[in-house]
Amino acid sequence: GESVGLHLPTLSVQEGDNSIINCAYSNSASDYFIWYKQESGKGPQFIIDIRSNMDKRQGQRVTVLLNKTVKHLSLQIAATQPGDSAVYFCAERFTGGFKTIFGAGTRLFVKA
Amino acid sequence: EAGVAQSPRYKIIEKRQSVAFWCNPISGHATLYWYQQILGQGPKLLIQFQNNGVVDDSQLPKDRFSAERLKGVDSTLKIQPAKLEDSAVYLCASSFMNTEAFFGQGTRLTVV
């Protein structure tokens, strides 16, 4: 299938290590943030979200951190697996319009 | 639960021809989005519907692109006439209230 993100920033990690993917968002009025995973030939898949009244949220093997002061979002993946290889996008939304804006994305390579 | 359905999966047309894409959102999702994803980039919002009304179409090239959502369920996106730079994956997504958007697999359009 078509490879998504040929020219995106890339992160290469060893299987079993932790991964940290960073994202800077643009709108200080955004109050809802989402991380998506996109595998080749597929649409983006929801991973985890966080609202602006929180600074940390944990899921299964994933943690999202939000720093509103510097408009920064990060996704931490614990014990990265080969199946985690994909392009990861952060997205922001402000409640007023439910409009979801995507960042540029980061390509994650997991080395076995 | 059935996901967002899109068709066709692939389409190849010559420039200046017309093309239409179809989307069936998740049942009960009032918000429907069409995104354009050019290779190596994040999805860009083209148009957003709330039920059958347009909420945002600020980035839709209205001289050639049109979209409708009759009866507030299915939606079609049309391009007429197509240009080479329209080659991209067209993603449909839907969401329930102010929650994450769920994406279909997309339609890959190649304009030659």
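See the structure printed just above.
Model, not experiment: these values are computed from the prediction.

Reading guide: rules and limits
- Residues numbered from 1 in each chain as written.
- Chains lettered and ligands numbered in written order.
- Predicted model: local features only at pLDDT ≥ 70, side-chain atom pairs only at ≥ 80, totals over all residues.
- Heavy atoms only, no water.
- Helix = DSSP H or I, 4+ residues; strand = E, 2+ residues; numbered from the N terminus.
- Buried < 20%, exposed > 50% of the residue type's maximum accessible area, 1.4 Å probe, protein only.
- Core = buried A, V, L, I, M, F, W, Y, C linked by side-chain atoms within 4.5 Å.
- Contact = heavy atoms within 4.5 Å.
- Buried area = accessible area lost by both parts, 1.4 Å probe.
- Salt bridge = Lys/Arg side-chain N within 4 Å of Asp/Glu carboxyl O.
- Polar contact = N/O pair within 3.5 Å; in protein donor to acceptor, adjacent residues only side chain to side chain.
- Nonpolar A, V, L, I, M, F, W, Y, C, P; charged D, E, K, R; others polar.
- Pairing = 2+ DSSP bridges.
- Axes fitted to C-alpha atoms, helices over the stretch in contact; angles between N-to-C directions.

**Examining the environment of Ala88(B)**
Residue and element names in this part refer to chain B. As for its position among the elements, Ala88 is in strand E9 (residues 88-95). Judged by relative accessible area, Ala88 falls into the buried class, the value being 7%. Residues Ala88 and Asp56 lie 32 residues apart in sequence; the distance between their C-alpha atoms is 21 Å.

**Details of the nonpolar core**
Nonpolar side chains in soluble globular proteins generally cluster together in the buried interior. Residues Phe21(B), Trp34(B), Leu77(B), Ile79(B), Tyr90(B) and Leu109(B) are the most contacted members of the largest nonpolar core, which totals 21 residues. Listed by contribution, the elements that provide at least two residues to this core are strand E3 (19-24), strand E4 (31-37), strand E5 (44-50), strand E8 (75-79), E9 and strand E11 (107-111) of chain B. Counting residues in hydrophobic clusters, the runner-up holds 19 residues, among them Ile48(A), Ala86(A), Leu108(A) and Val110(A).

**Brief notes about the interface of chain B and chain A**
Tallying the contact residues gives 26 residues for chain B and 28 residues for chain A. Across the chain B to chain A interface the summed buried area is about 2100 Å²; carbon plus sulfur atoms make up 50%. Three residues, Leu39(B), Asn98(B) and Glu100(B), lead the burial of chain B against chain A; their summed loss comes to 28% of the area buried on that side. Viewed at the interface, chain A and chain B are joined by 0 salt bridges. On inspection of chain B and its partner chain A, the count reaches 6 residue pairs in polar contact (both at pLDDT 80 or more). Secondary-structure elements contributing two or more residues to the side of chain B that touches chain A are E4, E5, strand E6 (53-56) and E9 of chain B. Looking at side-chain class alone, the side of chain B that touches chain A contains 11 nonpolar, 11 polar and 4 charged residues.

**Some remarks on the sheet that holds E3(B)**
Residues and elements named next belong to chain B. The sheet built from 4 strands is open, its strands ordered E1-E3-E8-E7 with antiparallel pairing. A strand with exactly one partner marks an edge of an open sheet, and here the two such strands are strand E1 (5-7) and strand E7 (65-68). Here the strands of the sheet are splayed against their neighbours by 15° on average, with no regard to which way each runs. In terms of strand pairing, E1 meets E3 through 3 bridges, oriented antiparallel. By the bridge assignment for E3, Ala5 is matched with Asn24.

**Some details on unusual backbone geometry**
Between Ser7(B) and the following residue, Pro8(B), the backbone shows a cis peptide bond with an omega angle of -10°. Within the secondary structure layout, Pro8(B) lies in the loop between E1 and strand E2 (10-13). Residue Gln80(B) is joined to Pro81(B) through a cis peptide bond whose omega torsion reads -5°. Within the secondary structure layout, Pro81(B) lies in the loop between E8 and E9. Positive phi, normally seen in glycine, also occurs at Ala79(A), with a value near 50°. A residue is classified by how much of its surface remains accessible, and Ala79(A), at 36% relative accessible area, is partly exposed. One non-glycine residue, Asn51(B), lies in the positive phi region at around 55°.

**Some remarks on the pattern of salt bridges**
Residue and element names in this part refer to chain B. Counted according to the given criterion, the structure contains 5 salt bridges over all chains. Among the ionic pairs, Arg64 bridges to Asp86, the shortest N-O distance being 2.5 Å. Here Arg64 is found in the loop between E6 and E7, whereas its partner Asp86 is found in the loop between E8 and E9, with 22 residues between them in sequence. The exposure class assigned to Arg64 is buried, which follows from its relative accessible area of 10%.

**Structural notes on the environment of Cys23(B)**
Residues and elements named next belong to chain B. Position of Cys23 relative to the elements: it lies in strand E3. Remark: the alpha-carbon pair of Cys23 and Leu39, spanning 16 residues in sequence, is separated by 21 Å. For Cys23, the residues in contact, after removing those within four places along its chain, are Val4, Ala5, Gln6, Leu32, Trp34, Asp74, Ser75 and Cys92.

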